[in-house]
Amino acid sequence: QVQLVESGGGLVQPGGSLRLSCAASGSIFFINAMGWYRQAPGKQRELVATITSSGNTNYADSVKGRFTISRDNAKSTVYLQMNSLKPEDTAVYYCNVDSVQTYSSTRYYKLWGQGTQVTVSS
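So, here is what we can say about the structure in this document. Nothing here was measured: the structure is a model prediction, and the numbers come from that model.

Calculation notes
Residues numbered from 1 in each chain as written. Predicted model: local features only at pLDDT ≥ 70, side-chain atom pairs only at ≥ 80, totals over all residues. Heavy atoms only, no water. Salt bridge = Lys/Arg side-chain N within 4 Å of Asp/Glu carboxyl O. Helix = DSSP H or I, 4+ residues; strand = E, 2+ residues; numbered from the N terminus. Buried < 20%, exposed > 50% of the residue type's maximum accessible area, 1.4 Å probe, protein only. Disulfide = S-S within 2.5 Å. Lys, Arg positive; Asp, Glu negative; His and termini not counted. Polar contact = N/O pair within 3.5 Å; in protein donor to acceptor, adjacent residues only side chain to side chain. Contact = heavy atoms within 4.5 Å.

Oppositely charged side chains can form a pair if their charged atoms are brought close together. Here the structure, examined in full by the defined rule, presents four salt bridges. The closest approach of N and O atoms between R38 and E46, which form a salt bridge, is 2.8 Å. Among the ionic pairs, D89 bridges to R38, the shortest N-O distance being 2.9 Å. Of this pair, D89 sits in the loop between β9 (77–82) and β10 (91–102) while R38 is found in strand β5 (residues 34–39), placing the two residues 51 residues apart along the sequence. Both residues of the pair, D89 and R38, count as buried.

Here is the structure:
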């Protein structure tokens, strides 16, 4: 089956940078849109950035100009480069895929990774 595994989270000072990655494992034929969401304590999970299979991107206003989402289709991996980090970026970041098709033609919808903690603090 398909699983999403995030990595790259950690503690960083304000103004610093982190790069998150999310690799989808399994017998994957195609992944359409992929994205990153985040959730801070006491808050709703919110969309951070998305990227389509062809590379079109969208960003939340709060991260636009600071974060860059990208993907490597050959590796079934999506990345989130986070620059100029602010304390308000502190959250658990979750990888998401809209749908995945395996070589057996099985489709999976709205899959989530386990989350990776990003803490921005002095």
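This next bit is on the state of the cysteines. According to the stated counting rule, one finds one disulfide in the structure shown. A disulfide bridge connects C22 with C95, and the sulfur atoms are separated by 2.1 Å. Classification of the bridge connecting C22 and C95 rests on its S-S torsion, roughly -85°, and on that basis the disulfide is left-handed. Separated by 73 residues along the polypeptide, C22 in strand β3 (residues 18–25) and C95 in strand β10 bring together distant segments of the chain. Classification of C22 by relative accessible area gives buried; the value is 0%.

Now for the side chain of R71. Among the secondary structure elements, R71 is positioned in strand β8 (residues 67–72). Despite its burial, R71 pairs with no opposite charge, the nearest such side chain being D72 at 8.2 Å. At 2.6 Å, the side chain of R71 forms a polar contact with the backbone oxygen of N32. Here the side chain of R71 touches N73 through a polar contact of 2.6 Å, side chain to side chain. Residue contacts for R71: discarding those within four places in its chain leaves I31, N32, A33, M34, I51, T52, S53, T77, V78 and Y79.

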